[in-house]
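So you can see what is in the structure, the chains are spelled out below.
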Number of protein chains: 2
Amino acid sequence: MQGVDPAWLPDRAFRPIGTRRTLIRGTGPLVDTVHGEVARACEQFGGRVERDAAPEPFDLVLELTGDDSSEAFTYEREGGRTTVTASGGPGLLYGLFHVVRLGEAAFQGSHGRVEHRPELALRMLDHWDNVAVHPVMGQVERGYAGGSLFWSDGRARGDMDRIRAYGRLLAACGINAVAVNNVNVHEAEAHLLTDRIGEVADIARELRPYGIRVHLSVTFAAPMVLGGLATADPLDEGVRGWWAETTSRVYEAIPDFGGYVVKADSEGQPGPFAYGRSHADGANVLAAALEPFDGTVHWRAFVYDHRQDWRDRTTDRARAAYDHFVPLDGQFAANAVLQVKHGPMDFQVREPVSPLIGAMPRTRLAVEMQATQEYTGQQRHVCWLGPMWSEVLRFRPEEGASVGQLARGGLVAVSNVGDDPFWTGHPLAQANLYTFGRLAWQPDAVPGRILDEWIGLTFEADAAAGVRVVLDGSWRTYEKYTAPLGVGWMVQPGHHYGPSVDGYEYSPWGTYHFADRDGIGVDRTVATGTGYAGQYAKPWSEVYESPTSCPDELLLFFHHVLYDHVLHSGKTVIQHMYDTHFEGVEEVEAAQRVWQGLAGLVAPARHARVAERYEEQLRSAREWRDQINSYFLRKSGVADAHGRRIH
Amino acid sequence: MQGVDPAWLPDRAFRPIGTRRTLIRGTGPLVDTVHGEVARACEQFGGRVERDAAPEPFDLVLELTGDDSSEAFTYEREGGRTTVTASGGPGLLYGLFHVVRLGEAAFQGSHGRVEHRPELALRMLDHWDNVAVHPVMGQVERGYAGGSLFWSDGRARGDMDRIRAYGRLLAACGINAVAVNNVNVHEAEAHLLTDRIGEVADIARELRPYGIRVHLSVTFAAPMVLGGLATADPLDEGVRGWWAETTSRVYEAIPDFGGYVVKADSEGQPGPFAYGRSHADGANVLAAALEPFDGTVHWRAFVYDHRQDWRDRTTDRARAAYDHFVPLDGQFAANAVLQVKHGPMDFQVREPVSPLIGAMPRTRLAVEMQATQEYTGQQRHVCWLGPMWSEVLRFRPEEGASVGQLARGGLVAVSNVGDDPFWTGHPLAQANLYTFGRLAWQPDAVPGRILDEWIGLTFEADAAAGVRVVLDGSWRTYEKYTAPLGVGWMVQPGHHYGPSVDGYEYSPWGTYHFADRDGIGVDRTVATGTGYAGQYAKPWSEVYESPTSCPDELLLFFHHVLYDHVLHSGKTVIQHMYDTHFEGVEEVEAAQRVWQGLAGLVAPARHARVAERYEEQLRSAREWRDQINSYFLRKSGVADAHGRRIH
């Protein structure tokens, strides 16, 4: 697309295919998509593409062998010919992008037949896009990449080419579902479900050729807000009828509609609590309406008391999702998915894995990540989240399945995309979107390999090593100069950018560090604290219960310790804080130098945008370092062992 | 006015005049105003009013004896007749309101001839009203009383009856000048000076019968923004010509226009620094334009670096106004008034008097107060500022004149009025507006007497004692539960409501308390600190230099001391903090009880409004108490001597 960054699908990525002879077999809309991709490549690079029967020889055969909707494909290379087969259109499309990723290697040597299939059936992006500009949150809540791809100032944005280009990028990294509006559903957004469903159908039409289904965030109060009913009680017959009728009209407009996303009884949104009903009751009324159409309701588990009194030490926000939902295990309908944030708080740079995951064996769970960098630098800082997500997905709540395996309801990320020419504001934040898609396809993938894949597609070869250096450790760097040892927060309230050590300390949000002159951290043990550690199965409940066994990086999430507490690293907590904050800034300085060295190796506009963001990242990282170090020096009175300047 | 609170001019306040026989002598618009007031009172209460020659006897004679514009009047009572004379219309109007204030006492006994004249010629309200709603600051910047009386959503509000009623209230407390728009002049407001001057003239027309002149806040960049010039350099001939020409057109529209108010080179507003010119250069170009018409420019001295690095301990915002302006003493034109905030920072609940006042003998200074309670409870808390203002006005910077006497350029307050039916949001905040006007008339007045005056006019007699109790000590109560010992701030950034001890600690605003585990306060001494104390003349420079002689209430403004530093009160700093915070809340609780006891004695709507605000004040006061006490307990580790609960 003119004026828009090609991200991980630059023309050159199609050169290996575009210079060769390809045969495409089969029919259907996604086969047409595949054909269109290959034909465009051939047009540009001089190759040739044929459909169905055609004279040999071919370098590449892409063949649809059935008429199902499978996403799996086989890949093999033999006798100088590369063959991809799939029984469903989506599989063939994913197979094509597999060949694109392989590049020239797809046409070299030979390779036995291997079947590829996604480990998770649902790989989804939630857009927190508002239809109307919200007075505080703007067009995209927690959006750092310009406006919305879908909506503009109350109306559909109408840039169908851009939506199609977006779908293409998503398919190329494996995403197959998009929720097109914010989980906080305001007045304008509510109407997407009924009289404005046509606008959602328009989006669906553009994404369908890439195997992507649309979902809609709806308000639990819709029967009242839109239907004029006197109640939204999920057990009310009129309410059930309204949802059924409304949903059938949705499917008339969008036959492959994916389903609903609901944030209920959370941060002010309406929900079943108002009627004395459970969240299973709430989810099930929507699930029943969706069931005849194979639709799914994603019911978010982000339920907690956001008007907590900071003076109340007995309430622990971290406990909330588990306490609310575990008693409901087994009560959710088969097509109701409980969507759980990966950590118990809210997308901090370091959190333990939510104890809900693994604790509801009779419930389909989806795990929610956050690609948009709300708490991780807001796409002004480089912070590649692949290693964090991978740690979460490989975590085993108990002996047996990993989080990635337990996420039977899918993997969901809050989108980091907007109408910015680079899609994600910070060009390097594209790596998060790509990595998310690939991890959703294969949760146990090695994130560094995904990073290499993304770099190989996106950058010229001579920039690859440098790009890898600036991204690879960037999450740990960000962690170093922000909130230490898992304690989280310490951010400016409201917008969540930049440091404020006490910013959430005396707030109603349940987000505290409890630092005093002697120590810091939240006692979440069973023995003396809030008991949160006991929400885990063994061995984790035991590991987390004791500061001796608790991993350093989560120590302050689970324990209140003295500043001179010695970590496994051998450093005291306070010296660790000083050291990591100095190191974090030094690492940003080093990364900035590496990036500067890539001038000439990276497209000028992209290089300039990243360079500009590094200026801000460095300023901000120094501010983090100095505020946190000063705060704790003043509070603890412990001097830096290395005598560095703390203000 | 229907639906609007009568404030300190309820009908009953005119009963003593309205039941009597009054003769009015003289002609002119303000005499007509006087006649209208008396006639209305007589209509209501059965008295009689005549003009000029009329048969005796009369109980009250109001006589204009000249044709100047003097504001002075004489008052006497002899032979059963009360006589007010004045050589100017304004004086006669003030004389009438003097009689209103006296009530029945004006018609009893006898009273020798006394001349009353305002000690300050300019008694002004600055409205921080925006014409267009500002995206952050709203219709009225720091406004807590609804919308603007003058402007609504980009247009003139057009409620001329309300503006007239406002003028009447102001005249009755002695105010004679109103700046009709915010000192932060945005796009829409800029045009009031030229193509929208007619809207200002409309306001002037309504206020003129009450002896009130209008002023306009203008942007220093007006020659560029409005005039299309390439520069706003005050020494540029084109710029001088533009101001002269523009000003002459202003006076065509408003012959008694008061002048300009300018916030330049301050918090992002444009100013002469951009051209390497001084603030005297800047002020004088406007003064020259105003001079032929007897107009005045009020040039605000609120110039400081609002992008300070908190790490920089050498810069002290408190020093800024003095450092900027004292070198310019003698350079300002005769009709240029330097408008100085009463304290060196920004209307905190406790500040020392600005050292600028008294340090510029060859410059006319106006002293600026803040009636709108930005930092003093935002008209949700009762906080009668009379005692604070009176302390400031009676302060003597050196041997000789008091601040009230040094304010030769007038006394100015930021208005606390909006389109709220009670004018000031909190009905008891009317007392601040009234007190300000009366102090501007007589800066050495005893504030308690002004309070009694206001209560006598506003409330029925049986409510007076209770109202006095809740207002009288309310400023000190507010001080007790908020930032201690003169250190200031500790408020939520941005909106400035509610506690945040570190809210401004690591900010660019120059507003720090420097609390660490050992002590708190800002060292502003000459010996070891920023040197600010040395900006005062003796004895104050010496008094403030030493923690031994520094008054307790300003200790932390001038000194960084240990928590166990013993105050003159005999308490340690930390124990003082705990004690005052517990006491402050107890005082609010007690005041709330007193107010509850006034049910039935106060008009129901007014009683209910105040009662509702007390709920919020008490909630907020407890939040202040708990956050500040917790913060300092955690930091100091010193337990409360009385073992009270600190969270």
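In this text the structure is predicted, and so the values were computed from the model without any measurement.

Now for the overall build of chain A. In terms of regular secondary structure, chain A is built from 20 helices and 20 strands. Scaling as 2.2 N^0.38, a compact globule of 647 residues should have a C-alpha radius of gyration of about 26 Å, and chain A matches this with 25 Å. Viewed in the frame of its principal axes, chain A has a C-alpha envelope of about 80 × 65 × 50 Å. When each of the 647 residues of chain A is scored for burial, the buried share is 63%. Across chain A, the fraction of contacts at a sequence separation of at least 24, relative to all contacts at a separation of at least 6, is 71%. Put simply, chain A shows about 22400 Å² of open surface, and 50% of that area lies on carbon and sulfur atoms. In chain A, 62 side chains carry a positive charge and 84 a negative one; their mean positions are 3 Å apart.

Listed as interface residues are 22 residues of chain A and, on the opposing side, 22 residues of chain B. Across the interface of chain A and chain B, roughly 2200 Å² is buried in total on both sides, 46% from carbon and sulfur atoms. Counting the surface chain A buries against chain B, the share from its top three residues, A:Arg311, A:Arg517 and A:Arg634, is 38%. Scanning the region where chain A abuts chain B turns up 6 salt bridges. Here A:Arg311 ties to B:Asp626 by a salt bridge, and the two come within 2.3 Å at their closest N and O atoms.

Attention now goes to the UniProt feature "domain: Glycosyl hydrolase family 67 catalytic" (unreviewed entry) in chain A. When the UniProt feature table is mapped to this numbering, "domain: Glycosyl hydrolase family 67 catalytic" (unreviewed entry) covers residues 113-423 of chain A. As a span, residues 113-423 of chain A carries 26% helix and 18% strand, and end to end its C-alpha atoms are 36 Å apart.

Here we come to the sheet that holds strand S13 (residues 213-217) of chain B. All names here are of chain B. Reading around the circumference, S7-S12-S13-S14-S15-S16-S17-S18 is the order of the 8 strands in this closed barrel, with parallel pairing throughout. Geometrically, the sheet is characterised by an average inter-axis angle of 25° between neighbouring strands, direction not taken into account. With 4 bridges joining them, strand S14 (residues 259-262) and strand S15 (residues 296-300) adopt parallel strand pairing. Considered in S15, the bridge of Gly259 is made with Thr296.

To continue, consider the domain arrangement of chain A. Residues and elements named next belong to chain A. Per the domain assignment, the segments making up chain A are domain 1 (11-116), domain 2 (123-458) and domain 3 (479-522 + 560-636). Placing a centre on the C-alpha atoms of domain 1 and another on those of domain 2 gives a separation of 32 Å. Summing both partners gives a buried area of about 1300 Å² for domain 1 against domain 2, and 53% of it is carried by carbon and sulfur. Put simply, domain 1 and domain 2 have 3 salt bridges between them. Close ionic contact of Arg123 with Glu71 constitutes a salt bridge, the shortest N to O distance being 2.9 Å. In this assembly, domain 1 and domain 2 are joined by 8 residue pairs in polar contact (both at pLDDT 80 or more). Mapped by element, the contributors of at least two residues to the side of domain 1 that touches domain 2 are helix H2 (29-45) and helix H3 (89-102). Element by element, the count of residues in the side of domain 1 that touches domain 2 is highest for H3, at 5 residues.

Moving on, we get to the relation of the copies chain A and chain B. Rotating chain A by 180° about the axis while translating it 0.0 Å along that axis superimposes it on chain B, leaving an RMSD of 0.1 Å. In short, the pair behaves as if placed about a two-fold rotation axis.

Turning to the nonpolar core, a few remarks are in order. If you look at soluble globular proteins, the nonpolar side chains tend to sit buried side by side. All names here are of chain A. Counting residues in hydrophobic clusters, the biggest one holds 205 residues, and the most contacted among them are Trp8, Trp243, Tyr260, Trp454 and Phe632. Ranked by residues supplied to this core, first place goes to helix H19 (residues 573-596) with 9 residues. Residues contacting Tyr260, with those up to four places away along its chain left out, are Leu193, Leu216, Val218, Trp243, Thr247, Val250, Leu286, Leu290, Thr296, Val297 and His298.

Our next topic: the pattern of salt bridges. Two side chains carrying opposite charge are able to pair once their charged atoms lie near each other. Overall, the coordinates contain 102 salt bridges over all chains when judged by the stated rule. Of the charged contacts in the structure, one is a salt bridge between A:Asp579 and A:Lys571, with a shortest N-O distance of 2.8 Å. Between B:Arg524 and B:Asp316 there is a salt bridge; the shortest N-O distance is 3.0 Å. Taken together, the residues span a long stretch of sequence, with B:Arg524 in the loop between strand S19 (519-520) and helix H17 (540-545) and B:Asp316 in the loop between S15 and helix H10 (320-325) at a distance of 208 residues. Like B:Arg524, the residue B:Asp316 is buried in the burial classification. Look at the salt bridges and you will find they share partners, linking A:Lys480, A:Lys571, A:Asp579, A:Glu583, A:Glu587, A:Asp640 and A:Arg644 into a network.

Residue and element names in this part refer to chain A. When you tally the buried positions in strand S6 (residues 111-116), you get 0 out of 6 residues, a small fraction of the element. Here strand S4 (residues 73-78) runs beside S6; their pairing, made up of 4 bridges, is antiparallel. Each bridged residue has a counterpart across the sheet, and for Tyr75 the counterpart in S6 is Val114.

It is worth spelling out helix H4 (residues 160-173) of chain A at this point. All names here are of chain A. For H4, which comprises 14 residues, the first-to-last C-alpha distance of 20 Å matches the rise-based estimate of 20 Å (1.5 Å per residue) to within 8%. Along H4, 11 of the 14 residues are buried, which leaves the element largely enclosed by surrounding structure. Residues of H4 that are buried: Arg162, Ile163, Ala165, Tyr166, Gly167, Arg168, Leu169, Leu170, Ala171, Ala172 and Cys173. Its buried side turned inward, H4 meets H2, H3, strand S7 (123-126), strand S12 (177-179), helix H6 (197-207) and helix H13 (430-441). Taken from the residues just after H4, Gly174 is the one with a positive phi, measuring 105°.

Basis of the calculations
Residues numbered from 1 in each chain as written. Chains lettered and ligands numbered in written order. Predicted model: local features only at pLDDT ≥ 70, side-chain atom pairs only at ≥ 80, totals over all residues. Heavy atoms only, no water. Helix = DSSP H or I, 4+ residues; strand = E, 2+ residues; numbered from the N terminus. Rg over C-alpha atoms; globule rule 2.2 N^0.38 Å. Buried < 20%, exposed > 50% of the residue type's maximum accessible area, 1.4 Å probe, protein only. Contact = heavy atoms within 4.5 Å. Areas by Shrake-Rupley, 256 points an atom, 1.4 Å probe, with all protein chains shown as cover. Lys, Arg positive; Asp, Glu negative; His and termini not counted. Charge placed at Lys NZ, Arg CZ, Asp CG, Glu CD. Buried area = accessible area lost by both parts, 1.4 Å probe. Salt bridge = Lys/Arg side-chain N within 4 Å of Asp/Glu carboxyl O. UniProt positions renumbered as here; feature names shortened; annotations may be inferred. Pairing = 2+ DSSP bridges. Axes fitted to C-alpha atoms, helices over the stretch in contact; angles between N-to-C directions. Domains from an automatic or database assignment. Polar contact = N/O pair within 3.5 Å; in protein donor to acceptor, adjacent residues only side chain to side chain. Least-squares fit on C-alpha atoms with pLDDT ≥ 70 in both. Core = buried A, V, L, I, M, F, W, Y, C linked by side-chain atoms within 4.5 Å. Expected span 1.5 Å × (residues − 1).

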